[in-house]
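# Coordinates in review
What follows is each chain in one-letter form.
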Amino acid sequence: VTEIKRILLAEDNANDVELTLTALADSNLANEVVVARDGAEALDYLYQRGRYAARPPGNPAVVLLDLKMPKVDGLEVLRQVKADADLKTIPVVVLTSSREELDLVRSYELGANAYVVKPVDFHEFLGAIKELGVFWAVLNEPPPGSVLRTPG
Amino acid sequence: LFESAPGLYLVLAPDLTIVAVSEAYLRATMTKRDEILGRRLFDVFPDNPDDPTATGTHNLRTSLDLVRRDRVANAMAIQKYDIRRPESEGGGFEERFWSPLNSPVLNANGELEYVIHRVEDVTEIVRLKQLDSDQRRLADELRTRAEDEIGRFFSVSLDLLCIAGLDGYFKLLNPAWEKTLGFTTDELVSRPFVDFVHPEDRSRTADQAGKLAADETQIVDFVNRYLCADGSYKWLVWKARSAHGLIYAAARDVTDERLAQEEIRHLNAELEHRVADLGVVNKELEAFSYSVSHDLRAPLRHVTGFSEMLEKRAAGALDDTARRYLSTISESARQMGRLIDDLLSFSRMARAEMRETRLDLSMLVSEVQREFQGRIGNRDVVWKLGHLPHVQADPALLRLVLVNLISNALKYSGMRPRSEIEIAALPNGSDETVVFVRDNGVGFDMRYVEKLFGVFQRLHRQEDFEGTGIGLANVRRIIQRHGGRAWAEGVPDAGATFFFSLPKPKEDQA
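Attention here is on the structure that accompanies the text. If you're wondering where the values come from, they're calculated on a predicted model, not measured in any experiment. (Residues numbered from 1 in each chain as written. Chains lettered and ligands numbered in written order. Predicted model: local features only at pLDDT ≥ 70, side-chain atom pairs only at ≥ 80, totals over all residues. Heavy atoms only, no water.)

### Structural notes on the side chain of K118(A)
We count it as follows: A run of H or I in DSSP becomes a helix once it reaches four residues, and a run of E becomes a strand once it reaches two; helices and strands are each numbered from the N terminus. Relative accessible area decides the class of each residue, using a 1.4 Å probe on protein chains only: under 20% of the type maximum gives buried, over 50% gives exposed, and in between gives partly exposed. By definition, residues are in contact when any of their heavy atoms lie within 4.5 Å.
Here K118(A) shows up in the loop between β6 (114-117) and α5 (122-139). For K118(A), a relative accessible area of 1% corresponds to the buried category. When sequence neighbours within four positions are dropped, the list of residues in contact with K118(A) reads E11(A), D16(A), D66(A), L95(A), T96(A), S97(A), F125(A), R297(B) and R301(B).

As structure tokens, this is what we get:
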């Protein structure tokens, strides 16, 4: 039985998606990364509905959440996740360009587990993603139910 | 029998020799029978020599002469005829008033036999009357004087004084009315006073007048507008009371105060409006900062990220020039990132909430200085820290000021074999504390001093001294938010001194 810890990346910007995926790949993390391109998609994934209705069950090990997204923004996703008894134990890392203190405060108020400002410098960015991935997807012992057992 | 008659009688012979007298007469004139009988009347009763206006003997003689000539009775008007007081009772004369009647007594032949002089002593009555009229005169005089005084006050009063009838007309106005409104008194009394009241104030004014007319009451602080001859209106504040069917009122011209108040109200309204506008602008600025923070940083990250990835992937295929281009792209993007971050911090600085407390500036300075000391490695830096007072400031923001100024001092004195940095306060000012940070660095030309504090304004090339040029702009903004000033003095190649002032808390002011 192999345990694969899945990462949900909620990010609307294609460049950021590519940079983040590159950084995660660079970190040699074997985790599956699911990309949701807006807040609504992220919620669909978490609630197993819409195009994710048939996805394998189980919660992701961590959600990397951008704040400024179309349709449903990151703070709203965070609010719903932390208000839901089944989802609230999922670690949520806010990964955003915003240095605004208000966003930071609101994120923590809503129960974010970490708040990371994406560094402009690529090396720093790589470092940050690597640390995040290693900590939340590997070192952190996820709550029960977030582990996907794949046959093998 | 005659002698004991109750009246005052004197019987005179035609030659005015006293031939008989009643007891009552003797008592009234303080004389004795044996002293006056047989003597001439005017010898016994002369005029009071101390009264130069005495007319007693003259009038009596005239009356007696008429009686003797015409042989008919003669009633005299009330006479003042003073009576000699006996020496035994102090001498001199006593003031007396008499009402005399002289009657002839004729014999059978119709010849004059006697003249009977009958008098009534009316001294008491005259005195009472005199007293009465004296009092009346005194009262009249007092009243006149009081009226004069009231009249004088009435005419000199700066306030508008008036008496109005319940018929709605002014009855009496002091000169202040003419002066204040520009109408003559004649004009003012010729029309109902409400005609002069501003149309919008008329019904209120009529209400008040009605209240005064209804019963004797008092009205204070009633305000209305009165028409002036030039068509403008004056604001009057009234105090009035009614009595005896008249309204007594005093008004004060408060037009200037009123206009000043109006002006203040107007300014306040405008200020509130501006503040509201400012709130909107601030909100917009916040939204702007947010989008700068988020939207401008993302593409920069992409520029650096993708150029790094390109370099990694194609490094072998690129020559040195191409690699230099790539690194310039990355470096520029990073610089832009710094600029954006600085701009945001500057805008945050303006909005950050301030929490002012009493701070030990000496402690704060040495704390910041120790931090820098740890970072400057083996550079030779001489610190001169003077005595610094306590100040009232936000600790985090003031720390930022010191970090900026000390970091500048270190940066711009970096080329000296030995940096000298002095931090101290100027000798005591009465209402503000002035702190300076002085270095022995490159200094600057005073012509450009104002550029120092501008956002992203720099006096040195990026290659010579790194930095975005936000530090001093932040310093000035923070100090200004504390109610102080920030300024600088410098000489090219001879160091610079940066000053900032902070207002002293009220209790510390000398």
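### Examining the packing of helix α10 (residues 320-351) of chain B against helix α13 (residues 471-481) of chain B
Geometrically, a packed helix pair is captured by the angle between its two axes and the distance between the axes. Residues and elements named next belong to chain B. Basically, it comes down to this: Simply put, an axis is a line fit to the C-alpha atoms, just over the touching stretch for a helix, and the angle between two N-to-C directions goes from 0 to 180 degrees. The cut-offs work like this: below 35 degrees is roughly parallel, past 145 is roughly antiparallel, 65 to 115 is roughly perpendicular, and the gaps in between are oblique. Classes in brief: Ala, Val, Leu, Ile, Met, Phe, Trp, Tyr, Cys and Pro nonpolar; Asp, Glu, Lys and Arg charged; the others, Gly included, polar.
Their axes nearest at 10 Å, the elements α10 and α13 cross at an angle of 5°. For the element pair α10 / α13, the angle class is roughly parallel. Here α10 contributes S345, F346, S347, M349, A350 and R351 to the contact with α13, which in turn contributes A473, N474, R477, I478 and R481. Taken together, the residues of the contact of α10 with α13 sort by class into five nonpolar, three polar and three charged.

### Remarks on the interface of chain B and chain A
Often the size quoted for an interface is simply the accessible area lost on bringing the parts together. The following threshold applies: The term buried area refers to how much accessible surface (probe radius 1.4 Å) is lost by two components on association, counted for both of them together. The rule for a salt bridge is simple: a side-chain nitrogen of Lys or Arg has to be within 4 Å of a carboxyl oxygen of Asp or Glu. Definition of a polar contact: a pair of N or O atoms within 3.5 Å, with one able to donate and the other able to accept a hydrogen when the atoms are protein atoms, and with sequence-neighbouring residues admitted only if both atoms are side-chain atoms.
Across the contact, 22 residues belong to chain B and 24 residues belong to chain A. For the chain B and chain A pair, buried surface summed over both sides reaches about 2,100 Å², with 53% attributable to carbon and sulfur atoms. For the pair chain B and chain A, the number of links is two salt bridges. We note a salt bridge from D26(A) to K312(B), for which the minimum N-O separation is 3.5 Å. Taken together, chain B and chain A are joined by five residue pairs in polar contact (both at pLDDT 80 or more). Elements with a contribution of two residues or more to the side of chain B that touches chain A: α9 (255-314) and α10 of chain B. Broken down by element, the residue count for the side of chain B that touches chain A peaks at 16 residues, all from α9(B). Among the residues making up the side of chain B that touches chain A, the classes are represented as six nonpolar, seven polar and nine charged.

### Comments concerning the packing of helix α12 (residues 395-412) of chain B against α13(B)
Residues and elements named next belong to chain B. Our working definition: Each crossing gets its handedness from the near helix: less than a right angle anticlockwise from the far helix is left-handed, clockwise is right-handed.
Interhelical geometry of α12 versus α13 gives an angle of 145° and a closest axis separation of 9 Å. Every pair of crossing elements has a handedness; the one defined by α12 and α13 is left-handed. In contact with L397, L398, L400, V401, N404, L405 and N408 of α12, α13 contributes G471, L472, N474, V475, I478 and I479. The residue inventory of the contact of α12 with α13, partitioned by class, reads nine nonpolar, four polar and no charged.

### A look at the nonpolar core
All names here are of chain B. What counts is decided by this rule: Take the buried residues of types Ala, Val, Leu, Ile, Met, Phe, Trp, Tyr and Cys, join any two whose side-chain atoms come within 4.5 Å, and each joined set is a nonpolar core.
Residues L361, L398, F498 and F500 are the most contacted members of the largest nonpolar core, which totals 39 residues. The dominant element in this core, judged by the number of residues it contributes, is α12, at eight residues. Contacts of F500, omitting those with residues within four sequence positions, involve L398, V401, L402, L405, T433, V434, V435, I479, R485, A486 and W487. Formed by 26 residues, the second largest nonpolar core is a distinct cluster that contains F193, F196, I219 and C228.

### Quick word on the sheet that holds strand β10 (residues 170-173) of chain B
All names here are of chain B. Selection rule: Here the rule is simple: two strands pair whenever DSSP picks up at least two bridges between them.
Taken in spatial order, the five strands of this open sheet run β10-β9-β13-β12-β11, and their pairing is antiparallel. Each edge of the open sheet carries a strand with a single partner, namely β10 and β11 (218-227). Across the sheet, the axes of successive neighbouring strands diverge by a mean angle of 30°, strand direction being ignored. Two elements, strand β9 (residues 160-165) and strand β13 (residues 246-253), share six bridges in a ladder whose sense is antiparallel. Across the sheet, A164 pairs through a bridge with I247, a residue of β13.

### Notes on the packing of aromatic side chains
We describe a pair of aromatic rings using the distance from one ring centre to the other and the angle between the two ring planes. Residues and elements named next belong to chain B. This is how the line gets drawn: Only the six-membered ring of Trp is used, alongside the rings of Phe and Tyr, when aromatic pairs are assigned; centres must lie within 6.5 Å, and planes under 30 degrees apart are stacked while those over 60 apart are edge-to-face, with the rest tilted. Think of it as a cone above the ring: NZ of Lys or CZ of Arg counts as a charge over the ring if it is within 6 Å of the ring centre and within 35 degrees of the ring normal.
The final tally for this structure, using the stated rule, is 13 aromatic pairs over all chains. Plain terms: the ring middles of F170 and W177 are 5.0 Å apart, the flat faces sit at 55° to each other, and that makes the pair tilted. Taken individually, F170 and W177 each receive the classification buried, so the pair is uniform in this respect. An aromatic cluster is present here, built from F170, W177, F193, Y226 and W238 joined pairwise through their rings. Cation over ring: R191 sits above F196, and NZ or CZ is 4.7 Å from the ring centre. Positioned above the aromatic ring of F372, the side-chain terminus of R375 is 4.9 Å from the ring centre.

### Regarding the pattern of salt bridges
One side chain can pair with another of opposite charge once the charged atoms of both are near each other. Per the counting criterion, the structure on display carries 44 salt bridges over all chains. Here R225(B) ties to E200(B) by a salt bridge, and the two come within 3.1 Å at their closest N and O atoms. One end of the pair, R225(B), is in strand β11; the other, E200(B), is in the loop between α7 (185-190) and α8 (202-214), with 25 residues separating them in the sequence. The class for R225(B) is buried, based on a relative accessible area of 14%. A relative accessible area of 58% places E200(B) in the exposed class. With a closest N to O distance of 3.0 Å, R476(B) and E450(B) form a salt bridge. With a gap of 26 residues between them, R476(B) in helix α13 and E450(B) in the loop between β18 (432-439) and α13 connect regions that are remote in the sequence. One network of salt bridges, in which partners are shared, links E11(A), D16(A), D66(A), K118(A) and R301(B).

### Quick look at α13(B)
All names here are of chain B. With eight of 11 residues buried, α13 lies mostly within the body of the structure. Burial in α13 covers these residues: G471, L472, A473, N474, V475, R476, I478 and I479. In this fold, the buried residues of α13 make contact with α10, α12, β19 (486-490) and β20 (496-503). Remark: G483 follows α13 within two positions and exhibits a positive phi of approximately 85°.

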